[in-house]
Amino acid sequence: MRASHKLAFFAFAAAGALAPLGAASAQADDPYAPLKLYDGDWTVISSDGKTTHLENHCARTGLFFACEQVLNGKSTALVVFLPAGKTAEGQTYRTQTLTADARTPGPWFHLAIDGGRWLYAAGVEGDKNHPLHQRTLNRFSGSDRIHFEVQTSKDGKAWTTTLSGDERRAP
């Protein structure tokens, strides 16, 4: 997985849905509502023993919504969201990550938000004979806590968690 995609996992994939439980009606009318709630400072503690300070500076720019991500004081990426509509998965978005080192961006990815569950599909790596599907699943507890799981799958059906952790809004 490219470093730029790992970065996006902390917040939006670690793009997560910060809609407080019970905010479904506001979210139903405004596809940007859950994204707005991710703005701010977060402490990320992951299963690999790392603690990361994450700042999201987010704003709607018109049709697009963007969040600049700062990790441990260093600006590292701009994550762009484009609402794609409602499906059986919930509110869906296309996402793109632009890195501070100006590498060529990868393909657009998929985010589905259904209440407190965000599923960020980060694509497939490898070749056609050995694909490796990647996704991040975020589960929210109110507007200040997120549990995340970064997962991989060889067939897109059976998933293995490779990294997990918790995010909490910083005081």
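Everything below is about the structure printed above this text.
I will try to describe carefully the structure that is included in this document.

As a further point, take the nonpolar core. With 23 residues, the main nonpolar core has Leu35, Phe65, Phe81 and Leu111 as its most contacted residues. Contributions of two or more residues to this core are made by strand S1 (40-46), strand S2 (51-60), strand S3 (65-71), strand S4 (74-87), strand S6 (109-114), strand S7 (117-127) and strand S9 (145-153).

Bringing the state of the cysteines into the picture now. The term disulfide refers to a covalent linkage connecting the sulfur atoms of a pair of cysteines. All chains considered together, the criterion is met by 1 disulfide. With its sulfur 2.1 Å from that of its partner, Cys58 forms a disulfide with Cys67. Handedness here is read from the sign of the S-S torsion; for Cys58 and Cys67, about 115°, the answer is right-handed. In this structure Cys58 comes out as buried when scored by relative accessible area, which is 17%. Residue Cys67 is classed as buried on the basis of its relative accessible area of 0%.

So, about the pattern of salt bridges. Summed over the entire model, instances satisfying the criterion amount to 4 salt bridges. Here Asp144 ties to Arg169 by a salt bridge, and the two come within 2.7 Å at their closest N and O atoms. You can see Asp144 sitting in the loop between strand S8 (130-140) and S9 and its partner Arg169 sitting in strand S10 (residues 160-169), a full 25 residues away along the chain.

All right, on to the sheet that holds S6 then. Spatial ordering of the closed barrel is given by S1-S2-S3-S4-S5-S6-S7-S8-S9-S10, a layout of 10 strands whose pairing is antiparallel. Each neighbouring strand pair of the sheet contributes to a mean axis angle of 25°, computed without reference to strand direction. Sheet topology places S8 next to S9; 8 bridges connect them, and they run antiparallel. Across the sheet, the residue bridging to Arg139 is His147, located in S9.

What counts, and at which threshold
- Residues numbered from 1 in each chain as written.
- Predicted model: local features only at pLDDT ≥ 70, side-chain atom pairs only at ≥ 80, totals over all residues.
- Heavy atoms only, no water.
- Core = buried A, V, L, I, M, F, W, Y, C linked by side-chain atoms within 4.5 Å.
- Buried < 20%, exposed > 50% of the residue type's maximum accessible area, 1.4 Å probe, protein only.
- Helix = DSSP H or I, 4+ residues; strand = E, 2+ residues; numbered from the N terminus.
- Disulfide = S-S within 2.5 Å.
- Salt bridge = Lys/Arg side-chain N within 4 Å of Asp/Glu carboxyl O.
- Pairing = 2+ DSSP bridges.
- Axes fitted to C-alpha atoms, helices over the stretch in contact; angles between N-to-C directions.

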